[in-house]
Amino acid sequence: RAQHDLRYADGPNALLPHLAIHKSMAGKLRTRSAARVAAGDTAGAAEDIDTILRLAELTGEDPVLIGYLVRVAIQSSAFSAFWDGTLQHAWSDAQLAAFQQRFEGLKQRDSLVKAFRGERLFGKTTFELMREGRLDPDTLGAMESDESGNSIGWGLVPRAWLLQNQAYHSKVLDQVVGALQRCDPERGIAAKGSIWETERVEQTVFNTAGRRFHPYRIFTHLLLPGLAKVHAKADRSLTTSRLAITVAGLERHRLATGRYPKALGDLVPRWVPAVPLDPMDGQPLRYRLNTDGTFTLYSVGPNHTDDGGVMSKSKDAEHPDWVWPPNHPTEERRLF
């Protein structure tokens, strides 16, 4: 456990130094885990991975979105360290079973609900500080220019505008929190058929492009685009944990039989209790046994379409499928 003097009552002026500390610690533990695997100390490597995951849980207790995003980044370090061991077939059956249990507990929705609730409260505090003239202008950066290119200063904004923006900000985040709470925690937030998809939350709430200028919404519309893709990180992390659980089952099958199975159904019930489902469409994860004895395992990703296990090379392009990294060098973009 760790404790820091965090003054959340300061709103956007609050300092969160522990986030950088935790992320740095996770990076060092991930490096040491790789070194321990290479040295044959798999018990030490597994302990480092468990410590990384506990750091992620601790960070995820913070009621702010930046804390949630750091948590996801730390978890990614743990998945990467686990992948190191699977590349070298280093883990024992007992260690793989322990990893499966550990990864099963990585739920994302509840932490994201907590983070958005925190953002709602921070927004309230921010507007109050702005009305009182106590907000450091550097905290939120310079005000964006209007259509004529003129910059608008904080002090020139009427108090009534700030009150209306505060009410609108709270209303929007109430809608987001409500939608998140109704999402199935075992499925991706933007999964096929989810509340998020059927109610078109991303389009109706976050997409502000083309909306007419209104002084009562200007501040919220400046903030919304930065929040629009947070749920995608939650979906990706949940999917990665589901893939990792499956990979552990595949490795356990290989240890027992000398080869990977022909189908995921062959893992049931000895190595997994049921065929692992893709959080993004509710169907079994896509799996195929390759001719060279390796396997390809992936999720259909955010477009809910099976693209054959292809993941985009470009960070900015659409990445059709979320693919577990193969056991050989590749130029394709990595899942983590």
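One can find the structure itself at the top, above this paragraph.
The residue count restarts for each chain, going from 1 along the sequence in the order it is written. It should be noted that, the model being predicted, local features are given only for residues of pLDDT at least 70 and side-chain atom pairs only at 80 or more, the latter also being counted only at that level, while totals for whole chains, interfaces and linings use all residues. The basis for every side-chain value is the complete set of non-hydrogen atoms in the structure, without hydrogens or water.

Visitor: What am I meant to see in helix 3 (residues 65-87) here?
Guide: Residues spaced three or four apart along an α-helix point in a common direction, a consequence of the helix completing one turn every 3.6 residues. In a regular helix each residue adds 1.5 Å, so 23 residues correspond to 33 Å; helix 3 covers 33 Å between its end C-alpha atoms and thus fits that length. When accessible area is computed with a 1.4 Å probe and restricted to protein chains, residues below 20% of their type maximum are described as buried, those above 50% as exposed, and intermediate ones as partly exposed. Numbering of helices and strands runs from the N terminus, with a helix taken as a DSSP run of H or I at least four residues long and a strand as a DSSP run of E at least two residues long. Here helix 3 lies mainly inside the structure; 18 of its 23 residues are buried. Two residues or fewer after helix 3 comes His89, characterised by a positive phi angle close to 50°. For a helix, the expected span equals 1.5 Å multiplied by the number of residues minus one.

Visitor: Explain the side chain of Gln95 to me, please; I cannot follow it from the model alone.
Guide: Within the secondary structure, Gln95 sits in helix 4 (residues 93-104). Think of a polar contact as two N or O atoms within 3.5 Å of one another; within protein, one of them needs to be a possible hydrogen donor and the other a possible acceptor, and neighboring residues in sequence only count if both atoms come from side chains. From its side chain, Gln95 meets the backbone nitrogen of Ser92 in a polar contact 2.9 Å long. Aside from chain neighbours lying at most four places away, what touches Gln95 is Thr42, Ala43, Ala46 and Ala90. Residue contacts are counted whenever heavy atoms from the two residues lie within 4.5 Å of one another.

Visitor: Can you walk me through the packing of aromatic side chains in this structure?
Guide: The relative placement of two aromatic rings is captured by the distance of their centres and the angle of their planes. Whether two aromatic rings pair depends on their centres lying within 6.5 Å, for rings of Phe, Tyr and Trp, where Trp uses its six-membered ring; planes under 30 degrees apart make the pair stacked, over 60 edge-to-face, and the rest tilted. Counted under the stated rule, the structure contains 14 aromatic pairs. A ring pair is formed by Phe79 and Phe103, whose centres lie 5.4 Å apart and whose planes are at 50°; its orientation type is tilted. Taken together, the residues Phe79 in helix 3 and Phe103 in helix 4 connect sequence positions 24 residues apart. For the residue pair Phe79 and Phe103, the accessibility class agrees, reading buried in each case. Ring pairing ties together the aromatic residues Phe79, Phe82, Trp83, Trp91, Phe99, Phe103, Trp324 and Phe336, which thus form one cluster. A cation over an aromatic ring shows up here: Arg334 above the ring of Trp83, its NZ or CZ 3.9 Å from the ring centre. Two conditions define a charge sitting above a ring: the NZ of Lys or the CZ of Arg must be within 6 Å of the ring centre, and it must be within 35 degrees of the ring normal.

Visitor: Teacher, can you tell me more about the sheet that holds strand 3 (residues 322-323) here?
Guide: Reading across the sheet, the 3 strands line up as 1-2-3 and stay open at both edges, with antiparallel pairing between neighbours. Each edge of the sheet is formed by a strand with only one pairing partner; in this case those strands are strand 1 (286-289) and strand 3. Bridge count for strand 2 (residues 295-299) against strand 3 is 2 bridges, and the pairing is antiparallel. Its bridge partner lying in strand 3, Ser299 is registered against Trp322. Structural elements are reduced to axes, namely lines fitted to C-alpha atoms, with helices fitted over the stretch in contact, and the angle between N-to-C directions of any two is expressed from 0 to 180 degrees. Across the sheet, helix 11 (residues 230-257) is in contact with strand 1, strand 2 and strand 3; its angle to strand 2 comes to roughly 150°. For two strands to be treated as a pair, DSSP must find at least two bridges joining them.

Visitor: Can you walk me through unusual backbone geometry in this structure?
Guide: Peptide bonds are mostly trans, and most non-glycine residues show a negative phi. Going from Val268 to Pro269, the amide bond is cis rather than trans, its omega being -5°. Within the element layout of this structure, Pro269 appears in the loop between helix 11 and strand 1. Even without being glycine, His89 reaches a positive phi, approximately 50°. Looking at the secondary structure, you find His89 in the loop between helix 3 and helix 4. The backbone of His304 shows a phi angle near 60°, a positive value even though the residue is not glycine. Within the fold, His304 resides in the loop between strand 2 and strand 3.

Interpretation note: all reported values are geometric properties and have no functional meaning in isolation.
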